[in-house]
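The residues making up each chain are set out below.
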2 protein chains.
Amino acid sequence: MPVFTEHSTASRNLRVLPSFAPPLPRLSPPFEPQSGLDEKYEVLIVGAGPAGLMLNLLLSRYGLSDDSLLCIDSKPSTLKSGQADGVQPRTLEVFKTLGISDEIENEACHMWQFAFWNPSDKKDKIIERTAVVSEVLAPSRFGYEATIHQGRIERIMETDLLRYSKRGVLRNTRLIDVRIDEESDAEFPVVVTMNTNGEEKVVRTKHLVGADGAHSIVRQCMGLRLEGESLDHIWGVIDLVADTDFPDIRRRGAIHSPAGSVMIIPRERISTGEYLTRLYVHVPETVVPDSDQLLDGTNGVKAEDARQRRSKITQDGILQQAADAMKPYYIRPKDGVVDWWAAYQIGQRVSPEFIVKDSKGVARVFIAGDACHTHSPKAGQGMNVSMMDSYNLAWKLIYHINGLAPESTATGPPTPLLDSYQTERHKIAQQLIDFDRKFSTMFSGKMGATEGLTQEEFQQAFKLGNGFTSGCGVEYPESTVVVHDDLEGSMSPVKGTDYLSGILRPGRRLLDVRVLRYADGAQRHIHDDIPSTGRFRILCLASMDLLDRQSISGQALDSLDRLMPNFPASVIELIVLHPKLRREFEWDDLPACIKQRAEMRFHDGSALENAYAIYGVDPARGALAVVRPDGYVGVVARLDDVARVEEYLKGCIRTVS
Amino acid sequence: MPVFTEHSTASRNLRVLPSFAPPLPRLSPPFEPQSGLDEKYEVLIVGAGPAGLMLNLLLSRYGLSDDSLLCIDSKPSTLKSGQADGVQPRTLEVFKTLGISDEIENEACHMWQFAFWNPSDKKDKIIERTAVVSEVLAPSRFGYEATIHQGRIERIMETDLLRYSKRGVLRNTRLIDVRIDEESDAEFPVVVTMNTNGEEKVVRTKHLVGADGAHSIVRQCMGLRLEGESLDHIWGVIDLVADTDFPDIRRRGAIHSPAGSVMIIPRERISTGEYLTRLYVHVPETVVPDSDQLLDGTNGVKAEDARQRRSKITQDGILQQAADAMKPYYIRPKDGVVDWWAAYQIGQRVSPEFIVKDSKGVARVFIAGDACHTHSPKAGQGMNVSMMDSYNLAWKLIYHINGLAPESTATGPPTPLLDSYQTERHKIAQQLIDFDRKFSTMFSGKMGATEGLTQEEFQQAFKLGNGFTSGCGVEYPESTVVVHDDLEGSMSPVKGTDYLSGILRPGRRLLDVRVLRYADGAQRHIHDDIPSTGRFRILCLASMDLLDRQSISGQALDSLDRLMPNFPASVIELIVLHPKLRREFEWDDLPACIKQRAEMRFHDGSALENAYAIYGVDPARGALAVVRPDGYVGVVARLDDVARVEEYLKGCIRTVS
């Protein structure tokens, strides 16, 4: 249209850019890097794999500047020849709340189904398909597991990081030593020696996170060891474009044949238009792990021995083992070309401590990802659990650093919010290795009617484990940030125990439901109201009397309206759902605080899905829940018990007078 | 996992990057820019607004290099203070097939509903809401219209362009003159004079596209004029964060009050966390249009006169008019700040010709977008129809340039594929201005029981027009690339006439349906199988006898299998749907050509949605359809009439021996 007069504000010009996440407020004094003296940081991250990058990205988005935050990595660039490849539904949910899931949604391989193949009784068959089940059994915003090159996941995070950080990851920088020295500088007690582009230097930081992999130098410097069994398994893995007549090559598959076992992982499409397939085979041999991974360091093997073992495993050997297990079907690399292959050894181990504190009990050094737990890749967990370690830690760290965490009491521990990282993630790591040990052993074993383990048992193990492996069934234990409901029966605001299906449960992530927004009739996902911006959300499931004067919902909303200004501005957001009401209504018919605080977060919870039923809330009585910055429910309460919400929030967030 | 030996191909390293669209094959001789002589191109695009950028992006993705393709624009950067803001469902579908819809899906305002407000009989009310209808009535992959800053749409396209083009748009470059001169160089007959960064130069090109806006210099140089009425309307438009108690401020709204009319367009959220609103008001005055837009150039007004008119329209005037029309509700800019405002004049005009040919009848110069049609912005059409002009032209141009179009016959026109751009898009432009004239007039008029037009009539006009305004109801007429079925009754492969709801119809876009992929059980959209990569697709809706020997489906697929190698490699892709079949089946039970040609494009057409019913195809008989590179159905045929498919394809694509 031919405009002939036009006026605009300056800020309008910026609107051509993608949106930025709003930083969190900072109540602590601004960080001012001292010049001349030691180089100092508030947080230093070692390692820019999935765990380190996720933490770096989150802290940058939450508002830490390059002055305050440094991430170093010894490698010169993002991982080129990746190892992990699976992205779980829960990880996808998190990526979605960060606005970085699109490329995975559009271009990764989506695994919807898991096919089980087992020895056949029929003579001409050798193996037969015994079942096809859904890959993801837990309800989730994403009904599939995605597979894509780990290097690509890292590149996606790093690209987003560079919108918030000018420096990005400091590469070619190797950690040499970490120690805690409170005497010289109690505020920046962590002393870090590193070699950056060949030059050695020492910096200080308030907090350090070791996300530097299975051979973590941070872990070793802190005197921590992984605990677990003393023998490892050896596995071969190969990526190829498969030329095969095996019918289920595009489904995830577990093949147990008299000749051995193979796991099939379909992978993404590549530029030739063809599709990759990953195969895992188990090498029937156990070996002693490397010395740095054993609790008792004396029995480990040296690098030279590892080099010896290497020669036993070859590309042809892996391919032959796969081909044998898949008979009578054939499989070979298309045009004889293999995309990538590797051999690796693995056991299930976890570090007993994820946190090292200073003499005053302040959590100073953290380890995350492979640095604190190692396990096999077959359940597709590695990258996911590692990133979720960071996702759990990031908001706690920024609340501590920005002065948003409650001030410590005289008697309690000084940093309970930070301490909950250990409480929550160690439990998950332990579950992970327990599951992996069971699943790996089952997978390595032969099956069939004449063997120990039936295929029904294997399938059953997969199904039971799915809540865990999808990431959707994770449940954190009671702590400062998870307060369980001790009410019973009719006093409880939530009915039901099928938490995996969405029943509100402190310690579990809020399940996504589709809702209809009142203001504009938009069909939305409730997860779109809980973006990963570091905010707490009070979710008010209003009761059916919402339109009445002096309704319990109205009273609850009034109380929340008075409560929210007691906390730092913008740190708590309100989301309101309503059940099916008896009549049409206008804004004027509603408690005023809904439009003021939640105009664009006020939804019909029954028009698209029955959110009340899914969450286990009686529409006649409603409920309140607090959703933590990482999307996990912290507490649930009755509508008439806003005090419970307030008490919970005071345990997580400092108040302002 | 600690890998201890690892081998990978070099190509693997590139897999960290997003996927690139595969270029089309080129059968014509490679383009070699002659050095020393004139600078030459195969395609030169004038204007990098939505139409020019879309064309530039498509041609780059199809494979034209910076040597062959040049896009110039007089502005120094992408549009900062945008005018258009609406993105229609059909445009979103196209963006999705290009992989560039994500930011709009995630961050634009989604308009789901349209509220109608009209004079109220009740004394205390003045106006009342008379209806809320869905903004998008036609079935589409997207159930909403998106609104977002035009500059952002341009930035999204330019960002993607820069993945394929090193140069991108050549900015600060003004077109001075275009003429056709076949005598000096018949192969590059279009002579272009331009001023680039202050320096004048002359280049030659095979083809030129004028996407240079309503005052198009290309159009003027080619002696084309817009035709239409000789008086324009004046409108005021304002973007603001609204402080209002009007209940429907987040819905698209048409308010007809005794005091005047306002159209409300909700806009995207901005960095403050607040939401923009756009208001359109009609200034009750008509004016004479600018001289370059009139068919008879003598009556136009000069720039000085335009400047005079400008003074009559002010920010306060627009706001006051909106406030008057919205009474008894109040509306004012939050904190007194207006984001942007403008006044513009508009009439409905269209150029009778979109193509200028050389003396041999070869289409050489094209105009697209506002250069060939102007109209009001109120139906949110401008940016959409402009981009769709380019989407229609791009594949025809590349087929011509790459030697993929059929060789011309002695008797027919030399470039029928290119000529169909005029046939198809002129019809749409004419429909656009007809609709806009009707809709604008209705909108400008007052309403109510005592006035001429009832609100029911206005609503009815909106509903009738929705197929058109959503972009989903566009139907191209018969041509080389649209061949209508002349079969009747039981001979026709398709039953039904409700084409807007998806019944297969040559000239209409293939409606998206959700399908279940056989190979991996993935839940897919059929639109994901028709990405905008410039390929034709044969869609085979197999019949229920698919599993029988000598089924009609099997015979059809055999014929297609023999037909496809007659055309250049990779230019035609096969998609196969099957209806609900009587038994489970394996790949071995199917015609071999399905796995060979469509392993990952073979779907259950009844598991998620009933594609057969939606497309009007009897599962007992099946059907064939050809989908053009732009997603429009070119022809439909019975399963036993593969010859019809072949004949159609031969009209669009050259054969190879």
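Refer to the structure above for everything that follows.
Please read all numbers here as calculations on a predicted model, not as lab measurements.

> Can you help me understand the interface of chain B and chain A in this one?
Where interface size is given, it is often the accessible area lost as the parts come together that is meant. Contact residues are listed per partner, giving 81 residues for chain B and 81 residues for chain A. Approximately 7,100 Å² of surface area, both sides summed, lies buried where chain B meets chain A, with 52% of it carried by carbon and sulfur atoms. At the boundary of chain B and chain A, one finds two salt bridges. The residue R129 of chain B makes a salt bridge to E586 of chain A at a minimum N-O spacing of 2.7 Å. If you look at where chain B meets chain A, you find 11 residue pairs in polar contact (both at pLDDT 80 or more). Those elements giving two or more residues to the side of chain B that touches chain A turn out to be β1 (3-8), α3 (102-107), α4 (150-164), β13 (232-244), β16 (275-287), α6 (303-310) and β17 (331-346) of chain B. By residue number, the principal contributor to the side of chain B that touches chain A is β17 of chain B, which donates 10 residues. When its residues are assigned to classes, the side of chain B that touches chain A shows 33 nonpolar, 21 polar and 27 charged.

> Hey, could you run me through the packing of aromatic side chains in this one?
Residue and element names in this part refer to chain A. What the rule picks out here adds up to 40 aromatic pairs over all chains. On the basis of an interplanar angle of 50° and a centroid distance of 4.7 Å, the ring pair of W117 and F246 is categorised as tilted. Of this pair, W117 sits in strand β6 (residues 113-119) while F246 sits in the loop between β13 (232-244) and β14 (252-257), and the two are 129 residues apart along the sequence. For F246, a relative accessible area of 1% translates into the label buried.

> I tried to follow the sheet that holds strand β4 (residues 86-87) of chain B on my own but got confused; where do I start?
Hydrogen bonds along the backbone pair up the strands of a sheet, which may run parallel or antiparallel. Residues and elements named next belong to chain B. As summarised here, the arrangement of the three strands in space is β4-β8-β5, forming an open sheet in which the pairing is antiparallel. Each edge of the open sheet carries a strand with a single partner, namely β4 and β5 (109-111). With three bridges joining them, β5 and strand β8 (residues 145-147) adopt antiparallel strand pairing. Residue pairing across strands places C109 opposite T147, the latter belonging to β8.

> Explain the relation of the copies chain B and chain A to me, please; I cannot follow it from the model alone.
Taken together, a rotation about one axis and a shift along it account for how the two chain copies relate. With an RMSD of 0.0 Å, chain B superimposes on chain A once it is rotated by 180° and translated 0.0 Å along the axis. Each copy turns onto its partner about a two-fold axis. Scanning chain B for the C-alpha nearest the rotation axis identifies D102 of chain B, at a separation of 3.3 Å. Taken as a fraction of all interface residues of chain B, those also at the interface in chain A reach 99%, which identifies the copy contact as same-surface.

Conventions used here
Residues numbered from 1 in each chain as written. Chains lettered and ligands numbered in written order. Predicted model: local features only at pLDDT ≥ 70, side-chain atom pairs only at ≥ 80, totals over all residues. Heavy atoms only, no water. Contact = heavy atoms within 4.5 Å. Buried area = accessible area lost by both parts, 1.4 Å probe. Salt bridge = Lys/Arg side-chain N within 4 Å of Asp/Glu carboxyl O. Polar contact = N/O pair within 3.5 Å; in protein donor to acceptor, adjacent residues only side chain to side chain. Helix = DSSP H or I, 4+ residues; strand = E, 2+ residues; numbered from the N terminus. Nonpolar A, V, L, I, M, F, W, Y, C, P; charged D, E, K, R; others polar. Phe/Tyr/Trp six-rings, centres within 6.5 Å; stacked < 30°, edge-to-face > 60°. Buried < 20%, exposed > 50% of the residue type's maximum accessible area, 1.4 Å probe, protein only. Pairing = 2+ DSSP bridges. Least-squares fit on C-alpha atoms with pLDDT ≥ 70 in both.

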